[in-house]
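Structural description and commentary
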Amino acid sequence: MTDSLQPESGRSRAAIRVPSGVYFDTSELIGINRHLDDSHLAALLAIRSRLSFSLVVPQLVIDEYVAHHLRHDAEKIKKLNDTARFLHEEHGLSIPPVTMDADTLRRSIDARLRSRLTELDGVIAPLPTISLSTLVAQSVDWVSPFAAEDRGFRDAVIQEAIIADSQDRWSDPFVIVVTAEKEWSSSKPRFAKRGVDVEFVTLKDAPKRIESFLDIAGRTLLDAALNRALQFAMQHRDSIFKAVMEGEYDMWNLRFAPGGEDPFANRTIHRIRGATPKEIASAYADFPSSEREVAADRVPFDVFVDVDFEVETSYWRGGGSLFGPRFRIDKPVDVAALNKQQEPMYEEWEVIRVTRSVPIHGSIDRAAFESGYFEDFRLEPNG
């Protein structure tokens with residue numbers, strides 16, 4: 001199977017609950033350092049290499065992030081100038097005041113954030129087109145995230161931006177919203193009403209939560225691929241069974257059952273008299289453990305078939321041994337008399353029947369495999 005899970009449509013993603021996008025709220029974005037290289041964010045990005053979700057930041061979150069750091073930097077500059085004035089008044093030290101134009105500082109913070117988001121392949125969701133009258137009506141009715149204290153206007157705009165952006169990007173979106181606002185969980189009905197499946201998580205918990213979706217999705221996709229491969233093998237049952245009956249098999253591979261029992265212990269194996277395929281046990285296309293090399297336009301295809309083998313064997317019966325009787329010290333032994341007591345040794349032949357699962361190797365067209373249709377199946381010699 002391929003390492004990256006990329007279903008063809010938003011609906012197939014949602015059906016197996018793989019997030020299409022991860023959106024950031026201001027409450028978590030401002031908690032990351034300005035270089036956006038937080039360890040939790042790094043863990044989230046590491047998962048994205050296996051699951052190609054979009055990293056999205058709404059425009060209003062950008063604006064709030066810039067305004068937050070603008071206030072923070074302005075306060076730092078004010079404290080620095082206050083310290084300079086104190087040193088001048090108390091100790092006569094002349095330190096020139098630090099000045100920075102607010103617009104210049106705002107543009108600097110904004111440009112750094114956008115540059116870093118570009119490096120992370122992040123995108124910015126535009127402001128939503130929802131009308132002011134609609135938001136006012138929701139505020140009056142305390143529709144989450146609006147509260148009785150008349151809070152939540154900007155949160156509502158951010159949520160509407162996420163809803164609108166995800167609807168534009170995917171047919172049936174399932175998104176993760178990274179936020180530290182616990183109250184946002186009550187906004188799920190707002191998203192559900194618009195057809196958006198959503199999970200609210202903190203940045204700290206986001207990697208583990210997405211990993212859980214990835215694990216479930218991986219098992220689902222793997223099961224689907226295995227079932228599809230098995231169905232395809234059933235379609236080619238006759239040619240696969242023919243390959244079984246005409247194949248060459250290593251005798252050693254027939255000796256031991258899964259439990260470790262050796263039905264050929266103390267026997268000489270002469271030949272396989274027959275091989276009767278019973279059923280196709282399993283099939284794998286592009287199986288991860290496969291070490292076989294095929295052409296670039298082909299995909300390895302392995303079918304495991306339960307086969308009844310008839311193996312011709314022989315073993316020796318009768319014939320006692322001088323090492324069989326018990327001897328007393330210094331007591332002479334009548335060898336001639338012992339020999340008369342021994343049964344004659346003779347070789348007895350017997351056909352033993354065993355059932356083993358054997359692989360039949362083949363390959364299929366890569367483009368057909370990736371599109372979901374197995375065509376042009378080719379059997380390869382059995383090693």
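This is a predicted model, so every value here is computed, not measured. (Residues numbered from 1 in each chain as written. Predicted model: local features only at pLDDT ≥ 70, side-chain atom pairs only at ≥ 80, totals over all residues. Heavy atoms only, no water.)

1. Details of the packing of helix 4 (residues 59–91) against helix 5 (residues 102–119)
Where we set the bar: Axis definition: a line fit to C-alpha positions, over the contact stretch in the case of helices; interaxial angles, taken between N-to-C directions, run 0 to 180 degrees. Every helix listed is a DSSP run of H or I at least four residues long, and every strand listed is a run of E at least two residues long, numbered separately from the N terminus. An angle below 35 degrees is read as roughly parallel, one above 145 as roughly antiparallel, one from 65 to 115 as roughly perpendicular, and any other as oblique. By convention the crossing between two helices is left-handed if the near helix lies anticlockwise of the far one by an angle smaller than a right angle, and right-handed if it lies clockwise. The criterion used for residue contact is that any of the two residues' heavy atoms lie within 4.5 Å. For this scheme, ten residues count as nonpolar: Ala, Val, Leu, Ile, Met, Phe, Trp, Tyr, Cys and Pro. Four count as charged, namely Asp, Glu, Lys and Arg, and the remainder, Gly too, count as polar.
Relative to each other, helix 4 and helix 5 sit at 130°, their axes nearing to 9 Å. When the axis of helix 4 is compared with that of helix 5, the two are oblique. Of the two elements, helix 4 crosses helix 5, and the hand of that crossing is right-handed. Packed against helix 4, whose contacting residues are Gln59, Ile62, Tyr65, Val66, His69, Leu70 and Asp73, the element helix 5 presents Ala102, Leu105, Arg106, Ile109, Asp110, Leu113, Arg114 and Leu117 at the interface. Of the residues assigned to the contact of helix 4 with helix 5, the class counts are nine nonpolar, two polar and four charged.

2. Description of the packing of aromatic side chains
To keep things clear, this is the line we draw: Classification of ring pairs rests on two measures: the distance between centres of Phe, Tyr or Trp rings, Trp counted by its six-membered ring, which must be within 6.5 Å, and the angle between planes, read as stacked under 30 degrees, edge-to-face over 60 and tilted in between. Exposure is judged per residue with a 1.4 Å probe applied to protein chains only, and the accessible area is read against the type maximum: over 50% gives exposed, under 20% gives buried, and values in between give partly exposed.
By the definition in use, this model includes three aromatic pairs. Measuring from ring centre to ring centre gives 5.6 Å for Phe191 and Phe200, while their planes differ by 80°; the resulting arrangement is edge-to-face. For the pair Phe191 and Phe200, a shared accessibility class is recorded, and that class is buried. Ring geometry for Phe232 and Phe301: centres 5.2 Å apart, planes at 80°, overall edge-to-face. With a gap of 69 residues between them, Phe232 in helix 9 (residues 206–235) and Phe301 in strand 7 (residues 298–317) connect regions that are remote in the sequence.

3. Re empty space enclosed by the protein
Counted only if it meets this: Here a cavity denotes grid points, spaced 1 Å and computed from the protein atoms alone, that fit a 1.4 Å probe unable to get out, and a pocket denotes an open set having protein on both sides within 12 Å along at least 5 of 7 lines; residues with an atom within 4 Å of a point are the lining. Grid points are joined across faces, edges and corners, and a volume is the space filled by probe spheres set on the points.
In this structure the tally under the stated criterion is one cavity of 30 Å³ or more. The computed volume of the largest cavity comes to approximately 40 Å³. The wall of the largest cavity is formed by Phe24, Leu29, Ile32, Leu36, Leu41, Leu55, Val57, Leu117 and Leu120. Tallied by class, residues from the lining of the largest cavity come to nine nonpolar, no polar and no charged.

4. A word on helix 5
Worth spelling out the cut-off: A helix is expected to reach a length of 1.5 Å times the quantity of its residues less one. Here, the arc refers to the directions that run from the helix axis to the C-beta atoms. Within 3.5 Å is the distance limit for a polar contact, defined as a pair of N or O atoms, with the added protein rule that one can donate a hydrogen and the other accept it, and that residues adjacent in sequence qualify only through two side-chain atoms.
With 18 residues, helix 5 extends 26 Å from end C-alpha to end C-alpha; this agrees with the ideal 26 Å at 1.5 Å per step. Along helix 5, the positions that sit buried rather than exposed are Leu105, Ile109, Asp110, Leu113, Arg116 and Leu117. In an axial view of helix 5, the angular spread of the buried residues amounts to 130°, which keeps them on one side of the axis. Seen from the open side of helix 5, the exposed residues pointing more than 90 degrees away from its buried face are Arg107, Thr118 and Glu119. Taken together, the buried residues of helix 5 touch helix 2 (26–29), strand 2 (54–58), helix 4 and strand 3 (122–125). By the N-cap criterion, in which a side-chain oxygen at the helix start approaches the backbone nitrogen of a residue two or three places on, helix 5 is capped by Asp101, the distance to Asp103 being 3.1 Å. Downstream of helix 5 by one or two residues, Asp121 has phi in the positive range, about 60°.

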